Amino acid sequence: MVSESGSAPPHPLPGAVGLSHLTAYDWEAADGVCGGSPHLHLVCTEAYVVTGGRGAVQTLSPDGHRDVPLEPGSVAWFTPGTVHRMVQGGGLRVTVLMQNSGLPEAGDAVFTFPPEVLADPRRYAAAAELPPGTGPEAAAAARRRRDLAVEGYVDLRKALVAGDPRPLLAFQRAAAALVREKVPVWRELWRAGALATAERTGAQLDALAAGEPSYLAGATAYETAPARRGGFGMCGRRDEYALPGTTPV
């Protein structure tokens, strides 16, 4: 067993996924719902594996609005471009699996702030940024950020429920424009992480087909523990892991 001692193990989790644990916020928003900050991811599919409590995840996508119940043992996942909002129903605790470890940490998420905020990169960055630490100042900033995201989300949901997907599609385009300059960095993270992992499997299959499984001589195991507990994430208080290709934020 190889233990982590200040640096991440050289081999990623299966499929180069990211891992975190979330306790959904219990702050009540202006629409009377307790929960997290609605947002979307541009290139990463995200999955919730519910380990405790009750709640829901609300989603907005061009095919409509959904309110997916969450309870222990249930799993929900959503593809890039799907706006999602975690809703607290009582003690909700979720293990999060994130595609393309490293990309979410590098900014592959955009909050549903109102259009005028999305249109100004500096204003968006100021609204999205949180002070360091887990104290009252960070909590207050996280709540303000959540409230601003809910403000934009409510308008998107109203339009979608009324049969008009245009505001949601406009938000997706605005989100893509906001992160466009980050794509070269994301591409390198993808090549070093998810793509390299898939290519490694191909090389192993080639070795097996040739009857040369010498790569198995390097077999080992790894372990790790949260690098930070109780941080303020998008959906709730977040326990983070320092894994290959990621930088805790």
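Residues numbered from 1 in each chain as written. Predicted model: local features only at pLDDT ≥ 70, side-chain atom pairs only at ≥ 80, totals over all residues. Heavy atoms only, no water.

## Section: helix 3 (residues 136–161)
Along an α-helix, a turn takes 3.6 residues, which lines up residues three or four apart on a common side.
Then, number 1: Here helix 3 is 26 residues long and its end C-alpha atoms lie 36 Å apart, about the 38 Å a rise of 1.5 Å per residue gives.
Then, number 2: Looking one or two places after helix 3, you find G163, whose phi comes out positive at around 95°. (Helix = DSSP H or I, 4+ residues; strand = E, 2+ residues; numbered from the N terminus. Expected span 1.5 Å × (residues − 1).)

## Thoughts on the nonpolar core
Then, number 1: L60, V83, V110, F113, Y124 and F171 are the most contacted members of the largest nonpolar core, which has 25 residues in total.
Then, number 2: Elements with a contribution of two residues or more to this core: strand 7 (83–98), strand 8 (110–111), helix 1 (115–118), helix 2 (121–128), helix 3 and helix 4 (166–179).
Then, number 3: At six residues, helix 3 tops the list of elements feeding residues into this core.
Then, number 4: Among residues more than four places away in sequence, those in contact with Y124 are A109, V110, F111, F113, V117, L118 and L178. (Core = buried A, V, L, I, M, F, W, Y, C linked by side-chain atoms within 4.5 Å. Buried < 20%, exposed > 50% of the residue type's maximum accessible area, 1.4 Å probe, protein only. Contact = heavy atoms within 4.5 Å.)

## Things to note about unusual backbone geometry
Then, number 1: Residue A16 is not a glycine yet carries a positive backbone phi of 55°.
Then, number 2: Locating A16 in the fold gives a position in the loop between strand 1 (2–3) and strand 2 (18–24).
Then, number 3: Look at A16 and you get buried, because its relative accessible area is 3%.
Then, number 4: Its identity is not glycine, yet N100 carries a phi of approximately 60°, on the positive side.
Then, number 5: On the accessibility criterion, N100 (10% relative accessible area) is buried.

## As for the pairing of strand 10 (residues 226–232)
Then, number 1: When strand 10 meets strand 11 (residues 236–241), the two strands line up antiparallel, connected through four bridges. Bridge pairing in strand 11 links G231 to R238.
Then, number 2: Once strand 10 ends, the chain turns through three residues before running back antiparallel as strand 11. (Pairing = 2+ DSSP bridges.)

## Structural notes on the confidence of the model for the protein chain
In low-pLDDT segments, the atomic positions of the prediction should not be examined closely.
Then, number 1: The predicted model of the protein chain averages 92 in pLDDT, with 93% of residues at 70 or higher.
Then, number 2: Low confidence marks residues 1–9, where pLDDT is under 50. Its contacts with residues over four positions away, or in another chain, come to 18 contacts.
Then, number 3: Within the model, pLDDT remains below 50 along residues 245–249, and this stretch shows 15 contacts once partners closer than five positions in the same chain are excluded. (pLDDT = per-residue confidence, 0-100.)

## Structural notes on the pattern of salt bridges
If the charged atoms of two oppositely charged side chains come close together, the side chains can form a pair.
Then, number 1: Per the stated rule, a full pass over the model turns up ten salt bridges.
Then, number 2: The residue D239 makes a salt bridge to R229 at a minimum N-O spacing of 3.9 Å. Taken together, the residues D239 in strand 11 and R229 in strand 10 connect sequence positions ten residues apart.
Then, number 3: On the accessibility criterion, D239 (11% relative accessible area) is buried.
Then, number 4: Judged by its relative accessible area of 58%, R229 is exposed. (Salt bridge = Lys/Arg side-chain N within 4 Å of Asp/Glu carboxyl O.)

## What to know about the packing of aromatic side chains
Then, number 1: If you walk through the whole model with that rule in mind, you get six aromatic pairs.
Then, number 2: Taking 6.4 Å as the distance between ring centres and 20° as the angle between the ring planes, the aromatic pair formed by W27 and F232 counts as stacked. With W27 in the loop between strand 2 and strand 3 (39–40) and F232 in strand 10, the pair connects residues that are 205 residues apart, well separated along the chain.
Then, number 3: Looking at F232, the relative accessible area reads 9%, which means it is buried.
Then, number 4: Here R237 stacks its cationic end above the ring of F232, 4.0 Å away from the centre of that ring. (Phe/Tyr/Trp six-rings, centres within 6.5 Å; stacked < 30°, edge-to-face > 60°. Lys NZ or Arg CZ within 6 Å of the ring centre and 35° of its normal.)

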